[in-house]
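Listed here are the chains, written in short residue letters.
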Amino acid sequence: MEERIIDDEYGRGVRLKKTEDGYVDVTDAAIGDEEGGEELAFEFPVFDEDADDEDLVGLSPEEAVKLRRQKEEAAAARRAEYEKICEEGDKLLEAGSFKAAELKFEKALSMDAVATEATVGYWCAKTADFEEPEALVEEYAEEGSVNLEYDLGADAVEIIRNRYADKFRQKLAEIDEEEKELAEKVEKAQARRRKALKKRVKKWAIPFAATFLVVAAAVALSIVFFTMNYRVSDGSYIPPTIVAVCTFVISFVAFGVFTNKFVNACRMYRANEKLSSTDDGERLVRLREYREIYEFLIP
């Protein structure tokens, strides 16, 4: 085993032993190997704090310090510019110049990684101080509240929630009222169409199934009679083969017609079950998407 002693700043030795298993055993020389001694923990500082900064690779310490200082100054200047633009945007909001404020905050969004203030200001401007929240709701109606929170940021969403909760509750009440009336209308029309379409599906299902069976039987008989012609020499199976083939051709044409009728009936029945297949139904779907966003925005 190898053994080395390293003197620390207090004049104490630290004994390092390399064991037979390849491990290193660290022992305070002042304590020795006695059992029950005080257990010491050593923490080693990390000197390479900029290991992930590619710009500092290959620079001398002086150059690295200079570059870091330049980056810090640039970040501070960018932050100051960001805050200045946000202040200008806030003043435009107070003056009711929403379009100009929107442009200001849109510029600020690209100047900060989080940009909570700019995000809140941007949507305040875009929605006329949330007098028209549909601009935000429509943006995320299909994507959902999860994407809304991801794009805006949790802090920005929380600020908007707390500041405009009453307006969101008012809009939600309006949506609930419209949805209730529209849902009743859509469901009644859907039920009426469902009854008629179900009859149509049944009407064409019978000839579709019947012609399918005839086609299948004609194909089977045609194959059987055709092969039997090679087993007899008097040609007695030629007429039934001709009859079976003709039956197949006629029934296949009929089968194609009835299949088209049956498939269209089924397609119309399935379409009726989708709310978005009608204008009123599509509006109902949209209202329910709006409601999900408004419920998310109410604290």
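Above this text you will find the structure in question.
These notes cover the structure that comes with them. Note that the structure is a prediction, hence the values are computed from the model and not measured.

**Focus on helix H2 (residues 98–109)**
The terminal C-alpha atoms of H2, which comprises 12 residues, lie 16 Å apart, in line with the 16 Å expected from a rise of 1.5 Å per residue. Of all the positions in H2, only Ala 101, Glu 102, Phe 105 and Ala 108 are classed as buried. Take H2 and look down its axis: the buried residues cluster within an arc of 125°, on one side only.

**Examining the side chain of Glu 102**
With respect to the helices, strands and loops of the structure, Glu 102 is situated in helix H2. A distance of 3.4 Å separates the side chain of Glu 102 from the side chain of Lys 126, its partner in a polar contact. Discounting chain neighbours no more than four positions away, the residues touching Glu 102 are Tyr 122, Ala 125 and Lys 126.

**Comments concerning the nonpolar core**
Ranked by size, the top nonpolar core spans 40 residues in total, and within it Phe 130, Leu 136, Leu 148, Leu 152, Phe 168 and Leu 297 carry the most contacts. Those elements giving two or more residues to this core turn out to be helix H1 (61–95), H2, helix H3 (116–126), helix H4 (134–140), helix H5 (145–152), helix H6 (154–228) and helix H8 (279–297). The dominant element in this core, judged by the number of residues it contributes, is H6, at 10 residues. When sequence neighbours within four positions are dropped, the list of residues in contact with Phe 168 reads Phe 130, Pro 133, Ile 160, Arg 161, Tyr 294, Leu 297 and Ile 298.

**Some details on the packing of aromatic side chains**
Counted under the stated rule, the structure contains 11 aromatic pairs. Between the aromatic rings of Phe 248 and Phe 252, the centroid separation amounts to 5.7 Å while the plane-to-plane angle is 35°, which identifies the pairing as tilted. Of this pair, Phe 248 and Phe 252 both sit in helix H7 (residues 238–273), separated by 4 residues, roughly a single helical turn. Relative accessible area serves as the criterion here: at 28%, Phe 248 is assigned to the partly exposed category. Accessibility expressed as a relative area gives 46% for Phe 252, which makes it partly exposed. Ring-pair connections join several aromatic residues into one group, and the members of that group are Phe 130, Tyr 164, Phe 168 and Tyr 294. The ring of Phe 296 is capped by Arg 161, whose NZ or CZ atom sits 4.4 Å from the centre of that ring.

**Notes on a nonpolar patch on the surface**
There is a patch of nonpolar side chains on the surface, built from Val 245, Val 249, Ile 250, Val 253 and Val 257 and spanning about 440 Å² of accessible area. Mapped onto the secondary structure, Ile 250 falls in helix H7. By relative accessible area, Ile 250 is classed as exposed at 62%.

**Some thoughts on the pattern of salt bridges**
Tallied over the entire structure, the rule returns 20 salt bridges. Across the salt bridge formed by Asp 112 and Arg 79, the nearest N and O atoms sit 3.0 Å from each other. Of this pair, Asp 112 sits in the loop between H2 and H3 while Arg 79 is found in helix H1, placing the two residues 33 residues apart along the sequence. For Asp 112, a relative accessible area of 22% puts it in the partly exposed group. For Arg 79, a relative accessible area of 32% translates into the label partly exposed. One salt bridge in this structure joins Glu 142 and Arg 286, with 3.2 Å as the shortest N-O distance. Here the residue Glu 142 occupies a position in the loop between H4 and H5, and Arg 286 occupies one in helix H8, the gap between them amounting to 144 residues. For Arg 286, a relative accessible area of 24% gives the class partly exposed. A cluster of three or more residues bridged by salt bridges with shared partners is formed by Arg 79, Glu 83, Asp 112 and Glu 117.

**Description of the packing of H6 against H7**
Put simply, H6 and H7 touch, their axes get as near as 7 Å, and they point 160° apart. Relative to H7, the element H6 is oriented roughly antiparallel. Considering only the axes of H6 and H7, their crossing is left-handed.

Criteria and thresholds
- Residues numbered from 1 in each chain as written.
- Predicted model: local features only at pLDDT ≥ 70, side-chain atom pairs only at ≥ 80, totals over all residues.
- Heavy atoms only, no water.
- Helix = DSSP H or I, 4+ residues; strand = E, 2+ residues; numbered from the N terminus.
- Expected span 1.5 Å × (residues − 1).
- Buried < 20%, exposed > 50% of the residue type's maximum accessible area, 1.4 Å probe, protein only.
- Arc of directions from axis to C-beta.
- Polar contact = N/O pair within 3.5 Å; in protein donor to acceptor, adjacent residues only side chain to side chain.
- Contact = heavy atoms within 4.5 Å.
- Core = buried A, V, L, I, M, F, W, Y, C linked by side-chain atoms within 4.5 Å.
- Phe/Tyr/Trp six-rings, centres within 6.5 Å; stacked < 30°, edge-to-face > 60°.
- Lys NZ or Arg CZ within 6 Å of the ring centre and 35° of its normal.
- Patch = residues over 30% accessible without salt bridge, like charges linked within 9 Å, V, L, I, M, F, W, Y side chains within 5 Å.
- Areas by Shrake-Rupley, 256 points an atom, 1.4 Å probe, with all protein chains shown as cover.
- Salt bridge = Lys/Arg side-chain N within 4 Å of Asp/Glu carboxyl O.
- Axes fitted to C-alpha atoms, helices over the stretch in contact; angles between N-to-C directions.
- Parallel < 35°, antiparallel > 145°, perpendicular 65-115°, else oblique.
- Left-handed = near helix turned anticlockwise from the far one by under 90°.

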